[in-house]
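Coordinates in review
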Amino acid sequence: MDDDETPPELVEVTALQEETRTEEVEEPGVSRVPITLVTGYLGAGKTTLLNYILTEKHGKKIAVIMNEFGDSTDIEKSLTVNQDGQEVTEWLDVGNGCICCSVKDSGVQAIESLMDRRGSFDYILLETTGLADPGNIAPLFWVDDGLGSSIYLDGIVTLVDAKNILRLLDEPATEEITHAGHEDHAGPALTMAHLQVSHADVIVLNKVDLVTPTELDNVRQRIASINGAAKIHVTDHSRTPQIEGVVLDLHAYDQLSKLDFDEKGHAHIDPKISTLAIIYPRISSDQIARVDEWLRSVLWESILPSIPEEENEIPNFEIHRLKGILALKDGTFKVIQAVRDVFEIRDSENRERKEDNNDAPDHCKIVIIGRDLGKSAGAWERNFRSFMEKVT
Ligand SMILES: Nc1nc2c(ncn2[C@@H]2O[C@H](COP(=O)(O)OP(=O)(O)OP(=O)(O)O)[C@@H](O)[C@H]2O)c(=O)[nH]1
Ligand SMILES: [Zn+2]
């Protein structure tokens, strides 16, 4: 994308924030197709993963959109549909070469027209370019009502090249980041690798055959220090132990029954991005508005609310991804989802004491992944607590 091209889509997303952050009522009977974004640095093994999925027998009808990254501005995307063991390839012309700007219009239109002709899919997998920042793409699938009616975001899978990732994370950031639209961010620049890891719901740690067990260990720790909430699967040639629950059926943005996150481990191995969790006792339903208010402050203003300036321990943070479970006193749950400044709080399917839900949490938990979050979760937890308990 040229710098002077301002994609109108992004404006639209901003305009939608206001309406979409409150609880949404799901329309019953509308069957939506899950889409998983597969991202990762150049050569990490994305295409290998998608080919593996296409050739495995899983009895699902999966549309795979591969991104052939090239120098030309007209990039064709091949769309391979696997149907009853048969692969059918179509070419999508998405016009503008930058997928984050074009997928929403022509990409989704192409998917929809393909569904008209071939019937719906069980899943759609979209490979984004090795340089794409998933933080820009994810909200397009998530907040837009038009898209939301036919497609929903199932999760983000990030392929990591075990051999090269540490070097990429330690590299000084380049203009790739500005391409993705982060010119406005203050503070030290991040590498694309940081962004891709920090937005992941699942990390496929690939090319394990090329590293020693010690190297693998180091990579694992570094990844977990950046994103402590993602599930990590170690693979050789992107062969994940299984497909469902690993690449498909992630429900990273809807079900969210519990948030696995090891709060003690890995603190600050990576100097740039880290993960932390806030724990808080059950709340009453009228406290949800309070949580909403707190989220608006930290996500929209990047400010911990109600702290005098001189006492602010975390002056310059930036949240990339946030998810949370609010445990209510009546035994129900709410789910919080945020990618950058787009967020929502909605009902969870889960109720307590459901037989298959023994590990339902008995407290609220908010997991935050971002830059410059400070030395520990303590300051965050204190701020959240005092904000929730503040008399208004
Ligand atoms: N040794 C080794 N090679 C791998 C592994 N996985 C993938 N490769 C190879 O790495 C190269 C790049 O893999 P791709 O799947 O094309 O990577 P990609 O992420 O799609 O790459 P781009 O589309 O260029 O961003 C290919 O030659 C693969 O065969 C692995 O686990 N081990
Ligand atoms: Zn772009």
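With an unreviewed UniProt entry as reference, the protein chain is termed CobW domain protein, source organism Talaromyces proteolyticus. Here is the UniProt Catalytic activity (unreviewed entry) comment for the protein chain, exactly as written: "GTP + H2O = GDP + phosphate + H(+)".

1. Focus: the site of ligand 1
By nearness alone, 15 residues border ligand 1, and Lys-46, Thr-47, Thr-48, Asp-209 and His-237 come closest of all. At 2.7 Å, a side-chain N or O of Thr-47 approaches an oxygen atom of ligand 1. The side chain of Thr-48 places a nitrogen or oxygen atom 2.5 Å from an oxygen atom of ligand 1. Bound to the protein, ligand 1 loses 68% of the 650 Å² it would expose on its own. By residue number, the principal contributor to the shell around ligand 1 is helix 2 (residues 46–55), which donates 3 residues. For the shell around ligand 1, the class distribution of residues is 4 nonpolar, 6 polar and 5 charged.

2. Here we look at the confidence of the model for the protein chain
When pLDDT is averaged along the protein chain, the result is 73; 62% of the residues meet or exceed 70. The spread of mean pLDDT over the elements of the protein chain runs between helix 1 (residues 8–20), the lowest at 34, and strand 7 (residues 202–206), the highest at 96. Contacts of residues 1–29 to residues separated by more than four positions or lying in other chains number 36 contacts, the stretch itself having pLDDT below 50. Here residues 69–76 is modelled with pLDDT under 50, and outside its nearest four sequence neighbours on either side it reaches 17 contacts, counting other chains as well. Two numbers describe this predicted complex: its pTM, 0.72, and its ipTM, 0.96.

3. Some thoughts on the packing of aromatic side chains
Across all of its chains, the model carries 5 aromatic pairs by this definition. Measuring from centroid to centroid gives 6.3 Å for Trp-294 and Trp-380, while their planes differ by 80°, and the two rings are edge-to-face. Here Trp-380 lies in helix 11 (residues 378–389) and Trp-294 lies in helix 10 (residues 288–301), a separation of 86 residues in the sequence. When its relative accessible area of 0% is taken as the criterion, Trp-294 is described as buried. Of the residues examined, Trp-380 reaches a relative accessible area of 0% and is grouped as buried.

4. Thoughts on unusual backbone geometry
A positive phi angle, near 65°, is found at Lys-207, a position not held by glycine. Mapping Lys-207 onto the fold places it in the loop between strand 7 and helix 9 (213–226). Non-glycine residue Ser-302 carries a positive phi angle of around 55°. In this structure, Ser-302 sits in the loop between helix 10 and strand 10 (318–327).

5. Re helix 11
An α-helical turn contains 3.6 residues, so a residue and the one three or four places further along point in the same direction. Look at helix 11: 16 Å from first C-alpha to last across 12 residues, which is about the 16 Å you get at 1.5 Å a residue. For helix 11, every residue scored as buried is listed here: Ala-379, Trp-380, Asn-383, Phe-384, Phe-387 and Met-388. Axial view of helix 11: buried residues confined to an arc of 160°, hence all on one face. Check the buried side of helix 11 and you find it contacts strand 9 (273–281), helix 10, strand 10 and strand 13 (363–371).

6. So, the environment of Arg-222
With respect to the element layout, Arg-222 can be found in helix 9. Taking relative accessible area as the criterion, Arg-222 reaches 8% and is therefore assigned buried. Counting along the chain gives 57 residues from Arg-222 to Ile-165, while the straight-line C-alpha distance between them is 9.5 Å.

7. Looking at the environment of Ile-279
Relative to the elements of secondary structure, Ile-279 occurs in strand 9. Linking Ile-279 and Val-197, residues 82 residues apart in sequence, is a C-alpha distance of 24 Å.

8. Notes on the pattern of salt bridges
Using the criterion set out here, one finds 10 salt bridges in the structure. Its salt-bridge partner being Lys-207, residue Asp-161 comes within 3.6 Å of it at the nearest N-O pair. Taken as a pair, Asp-161 in strand 6 (residues 151–161) and Lys-207 in the loop between strand 7 and helix 9 lie far apart in primary sequence, 46 residues in all. Given a relative accessible area of 23%, Lys-207 falls into the partly exposed group. Glu-344 is the partner of Arg-346 in a salt bridge, and the nearest nitrogen-oxygen pair spans 2.6 Å. Just as Arg-346 is buried, Glu-344 falls in that class too. Among the ionic contacts, a cluster of salt bridges with common partners joins Asp-201, Arg-321 and Lys-323.

Cut-offs used in this document
- Position numbers for residues count from 1 along each chain, tracking the sequence in the order it is written.
- Chains and ligands are labelled sequentially in the order written, the chains with letters from A and the ligands with numbers from 1.
- Reporting of local features is limited, given that this is a predicted model, to residues whose pLDDT is at least 70; pairs of side-chain atoms are given and counted only at 80 or more, and all residues count toward the totals for whole chains, interfaces and linings.
- Hydrogens and waters are ignored; side-chain quantities use all the structure's heavy atoms.
- UniProt positions are given in the numbering used here, feature names are shortened, and annotations may be inferred rather than shown by experiment.
- Only a single heavy atom is needed: when it lies within 4 Å of a molecule or strand, its residue is near that molecule or strand.
- N or O atoms closer than or at 3.5 Å make up a polar contact, with two conditions inside protein: a donor-capable atom paired with an acceptor-capable one, and, for residues adjacent in sequence, both atoms drawn from side chains.
- Here the accessible surface of atoms and residues is derived via Shrake-Rupley with a 1.4 Å probe, and residues count as covered only by protein chains that are part of the display.
- A run of H or I in DSSP counts as a helix once it spans at least four residues, and a run of E counts as a strand once it spans at least two, with each numbered from the N terminus.
- Gly falls in the polar group here, along with every residue not listed as nonpolar (Ala, Val, Leu, Ile, Met, Phe, Trp, Tyr, Cys, Pro) or charged (Asp, Glu, Lys, Arg).
- One number per residue, pLDDT, summarises how confident the predictor is, and it ranges from 0 to 100.
- Here, residues are in contact when the closest pair of their heavy atoms is within 4.5 Å.
- When two rings of Phe, Tyr or Trp (its six-membered ring) have centres within 6.5 Å they constitute a pair, described as stacked for plane angles under 30 degrees, edge-to-face for angles over 60, and tilted for the intermediate range.
- Think of it in three bands: with a 1.4 Å probe and only protein chains considered, a residue is buried below 20% of the maximum accessible area for its type, exposed above 50%, and partly exposed in between.
- Given the number of residues in a helix, its expected span is that number minus one, multiplied by 1.5 Å.
- Here the arc refers to the set of directions running from the helix axis out to each C-beta atom.
- By definition, a salt bridge exists where a carboxyl oxygen of Asp or Glu is found within 4 Å of a side-chain nitrogen of Lys or Arg.

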